[in-house]
Amino acid sequence: MFIEPLDTSRLGAKVEKDGVSFGLWAPHAKRVELSLVDLMKNQRNVEMREDGRGIWHAFVPGIGEGQEYGYRVHGDWAPSRGRRFNPARLLLDPYARAVTSGIDYRGPIHDHLAHDDFRPDATDSFGAVPLSVVVADTPAPPPVAGGRRPMAESVIYEMHVRGFTKMHPLVPEHLRGSYAALAYPDVISYLLDTGVTAVELLPIHHYASEPFIAHKGLSNYWGYNTLSYFAPHAYYATRGTLGNQVTEFKAMVAALHDAGIEVILDVVYNHTAEGGHEGPTLSMRGIDHAGYYRLTDDLRDDYDVTGCGNSVNSATPMVRQLIVDSLRYWVEHMGVDGFRFDLAPTLFRNGQHHFVHDHPLKQQIDSDPALAGVKLIAEPWDIGPYGYQLGSFGLGWSEWNDRFRDHVRDYWKSTVHGVQELATRLSGSPDVFQHNGRPPQASINFVTAHDGFTMRDLVSYDVKHNSANGEGNRDGSDNNRSWNHGFEGDSDDPAINDLRARQVLNMHATQVLAAGTPMILAGDEFGRTQKGNNNAYCQDSPLSWVDWTPDARWQAVRSRLAELLRLRTKHPLLRPDRYLHHTDVINAHGENLGRVDLTWFNDHGAQMTEQDWHDGSRRLLGMYVSDEANAFLTWFHSGADPIDVTLPGLPWAAHLKIAWHSAGTDELPSEELSPGSVLRVPGRCVVLMRCDVPTTAAELLGMPLSLMP
């Protein structure tokens with residue numbers, strides 16, 4: 001095994017003046033054939049030469065972009081040594097920039113006999129497996145207009161390329177569900193009007209369905225089953241798969257960039273669609289099983305910390321380089337602005353499968369100039385030993401914060417003990433992230449994501465309803481922290497429906513107003529439902545697609561969320577880029593203005609006391625933030641009944657006015673309010689108040705005594 005990283009610039013298919021050069025890393029192969037496939041599906045095999053360091057090369061004159069190809073790799077069939085070479089398998093190039101055709105799941109796609117995982121099957125897989133495509137270099141999309149935003153200004157929108165546009169009434173029917181649809185002007189206008197600054201696309205690396213799903217007549221919809229780390233998923237192209245998927249992806253990025261919207265990819269470098277050794281052999285397993293995948297000590301079985309059958313072996317230098325090369329390609333050639341790493345701890349496990357903070361792959365990513373300035377987001381857990389690593393990814397990374405998710409769900413169900421943890425989550429989860437110079441934006445504040453209930457289903461179902469998946473409702477989490485508000489599923493009761501919409505708005509407001517980076521699941525802003533299915537990974541159907549015909553109640557939720565996001569954009573105080581710690585506010589003249597940058601209020605117009613913090617029945621918390629010129633006081637109230645709160649006076653506020661709320665239209669006053677007055681906060685709502693504050697000591701001292709608390 002070669003332990004040093006080699007020159008990977010020659011890997012893949014490179015279009016040159018008179019033909020195409022091919023390179024494949026297969027250090028234990030004895031022979032490699034390049035199989036060229038013409039439009040009539042005729043094969044022509046070309047012998048490749050090994051350079052003495054495990055890289056095989058061939059130059060083929062007279063061919064160019066659009067050429068379909070694969071590899072046949074010869075070597076020992078020795079599963080006990082991690083080698084499963086079988087030249088009857090036509091293999092994808094790990095560096096292929098496009099992939100065409102699908103998989104015949106009933107064809108000879110396994111490297112072994114049906115009755116024995118450790119005996120080779122000599123049946124040719126040609127015609128049953130996908131092919132690689134030669135793609136020529138073309139210009140990258142232009143950078144995002146205005147440059148990439150800092151995380152403090154970002155609002156991330158997690159979406160599915162196909163599902164978001166498949167039912168969009170303003171998108172031409174022939175474009176729906178494609179990259180081109182996401183680039184359509186009406187779609188982009190909707191994103192801008194909502195307040196989105198970055199779309200986070202569920203996996204668009206070319207992927208495949210798992211055989212057990214295909215045999216049930218379903219398909220992998222989410223895409224967490226990658227076949228190729230350089231190729232855009234062909235199914236989302238509108239005009240063929242011989243490279244058009246690359247062109248259309250770039251056009252989509254260009255359109256979003258022109259509108260100032262960044263593109264973040266959800267990437268799955270932790271495992272591939274080949275599954276365990278008993279699964280199909282489509283690419284890496286047939287090239288070098290032990291080189292590309294983590295294996296058990298006996299080298300016969302895959303060491304799985306992903307729950308998907310295999311784990312990519314990032315302890316191998318060339319595999320690490322494959323991952324970095326892929327990241328660089330998507331940034332430099334395809335124009336993307338960031339990555340969300342699925343099951344990120346798997347990537348940073350060493351040769352003994354232990355998670356290490358200073359893993360060489362992480363060092364490569366952190367130090368690569370091409371990746372400087374891109375957004376790096378970790379899903380900070382896998383299912384392996386010590387796989388829960390929330391808070392471990394260091395400066396420059398953000399992480400999905402499941403502690404925020406779980407507590408916000410519990411708080412609005414009113415199943416919490418007091419408000420202590422709420423304050424911690426609202427202030428950016430400093431207990432998790434405030435170390436080594438990390439800012440609050442290290443926390444991706446989300447309540448829902450693709451995996452689990454939608455936000456509407458979170459307030460409509462007590463239990464999951466996954467029967468459509470064909471697994472007897474056994475799949476999907478049972479720990480949903482959901483509440484149906486008195487009726488399971490859709491209801492005709494206006495009171496229940498009004499309360500559900502209000503609760504959705506409350507949860508949106510909590511993630512938007514908390515320090516950190518908010519992430520919204522596409523469609524949650526107007527009540528998208530999956531009818532209680534919390535694991536719709538195999539549902540490429542209206543159940544998962546965004547329904548663009550919400551009723552007036554849910555349209556109003558979206559309008560009010562967009563209004564709150566506009567306030568967040570306008571006022572940096574609502575999106576702090578540093579942790580606030582009850583620090584005195586000092587103006588430019590060095591004067592202490594008597595208030596602090598962050599504090600918490602009770603319902604008596606005073607700062608929270610020790611007794612308040614330890615009151616397990618408390619369901620109201622006031623969050624006060626201020627700087628030299630501005631201040632906001634936000635009330636979070638999850639109790640069912642209204643509560644009277646006394647508004648604070650100087651130095652906290654000279655006057656107060658409600659800037660936004662989640663309550664009914666006529667439940668709160670619209671006029672300016674005076675300190676010391678009583679505000680009745682309705683049950684289960686968020687109220688954001690703008691506070692007029694003195695900006696100099698003279699103003700503070702000149703205020704009437706009646707305004708003092």
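For the structure, check the block above.
Counting of residues starts from 1 at the beginning of each chain's written sequence and follows it residue by residue. Only residues with pLDDT of at least 70 are given local features in this predicted model, and only at 80 or more are side-chain atom pairs given and counted; all residues enter the totals for whole chains, interfaces and linings. For the side-chain quantities, the full set of heavy atoms in the structure was used; hydrogens and water were omitted.

**Q** Describe the packing of helix 7 (residues 317–332) against helix 8 (residues 360–367), with residues and values.
**A** For every element, the axis is a line fit to its C-alpha atoms; helices are fit only across the contacting stretch, and the angle between N-to-C directions ranges from 0 to 180 degrees. Strands are runs of DSSP state E lasting at least two residues, helices are runs of H or I lasting at least four, and both sets are numbered from the N terminus onward. Look at helix 7 against helix 8: their axes get within 10 Å of each other, and the N-to-C directions meet at 25°. When the axis of helix 7 is compared with that of helix 8, the two are roughly parallel. The two elements helix 7 and helix 8 cross, and the hand of that crossing is right-handed. On helix 8, the residues touching Arg 320, Gln 321, Ile 323, Val 324 and Leu 327 of helix 7 are Pro 360, Leu 361, Gln 364 and Ile 365. Looking at the contact of helix 7 with helix 8 residue by residue, the class counts come to six nonpolar, two polar and one charged. Here the angle decides the label: under 35 degrees means roughly parallel, over 145 means roughly antiparallel, 65 to 115 means roughly perpendicular, and every other value means oblique. In this scheme the handedness of a crossing depends on how the near helix is turned from the far one: anticlockwise by less than a right angle means left-handed, clockwise means right-handed. Between two residues, a contact is recorded if the distance between any of their heavy atoms is within 4.5 Å. Throughout, the ten residues Ala, Val, Leu, Ile, Met, Phe, Trp, Tyr, Cys and Pro are labelled nonpolar, Asp, Glu, Lys and Arg are labelled charged, and all others, Gly among them, are labelled polar.

**Q** For the sheet that holds strand 26 (residues 631–637), give the residues involved together with the corresponding values.
**A** Following DSSP output, two strands are said to pair if at least two bridges run between them. Taken in spatial order, the five strands of this open sheet run 24-25-26-30-28, and their pairing is antiparallel. The open sheet has two free edges, formed respectively by strand 24 (598–601) and strand 28 (655–661), since each of these has just one partner strand. In this sheet, neighbouring strand axes are inclined to one another by 25° on average, regardless of whether the strands run parallel or antiparallel. Direction of pairing for strand 24 relative to strand 25 (residues 620–626): antiparallel, over a ladder of four bridges. Bridging from a neighbouring strand, Thr 599 pairs with Tyr 624 of strand 25.

**Q** For the nonpolar core, give the residues involved together with the corresponding values.
**A** One finds Phe 22 and Phe 164 to be the most contacted residues of the largest nonpolar core, which totals 143 residues. In terms of residue count, the dominant contributor to this core is helix 7 (nine residues). Excluding residues within four positions of it along the chain, Phe 164 makes contact with Tyr 157, Met 159, Leu 182, Val 187, Tyr 190, Leu 191, Ala 522, Val 546 and Trp 548. Trp 652, Leu 679, Cys 685 and Val 693 belong to the second largest nonpolar core, which has 23 residues in total. Each nonpolar core is a collection of buried residues, namely Ala, Val, Leu, Ile, Met, Phe, Trp, Tyr and Cys, held together in the definition by side-chain atoms within 4.5 Å. Buried, partly exposed and exposed residues are distinguished by accessible area as a fraction of the type maximum, computed with a 1.4 Å probe on protein chains only: under 20%, between the cut-offs, and over 50%, respectively.

**Q** A description of the environment of Tyr 190 should follow, citing residues and the corresponding values.
**A** The residue Tyr 190 is located in helix 3 (residues 185–194) in this model. For the pair Tyr 190 and Pro 369, spaced 179 residues apart in the sequence, the C-alpha separation amounts to 34 Å. When neighbours within four sequence positions are excluded, Tyr 190 is seen to be in contact with Tyr 157, Phe 164, Glu 525, Phe 526, Trp 548 and Arg 558.

**Q** Please set out empty space enclosed by the protein residue by residue, giving values where relevant.
**A** Grid points spaced at 1 Å and placed over the protein atoms alone form the basis of the search, with a cavity being a set where a 1.4 Å probe fits but cannot get out and a pocket an open set showing protein on both sides within 12 Å along at least five of seven lines. Lining residues have an atom within 4 Å of a point. Grid points are joined across faces, edges and corners, and a volume is the space filled by probe spheres set on the points. Tallying each qualifying case throughout the model produces five cavities of 30 Å³ or more. When its volume is computed, the largest cavity comes out at roughly 150 Å³. What lines the largest cavity is a set of 15 residues, among which His 160, Tyr 221, Leu 521, Arg 528 and Ser 544 lie closest to the centre. Counting residues per element, the ones that place at least two in the lining of the largest cavity are strand 14 (156–159) and helix 1 (161–165). Tallied by class, the residues present in the lining of the largest cavity amount to eight nonpolar, five polar and two charged. Taken as a whole, the second largest cavity encloses approximately 120 Å³ of empty space.

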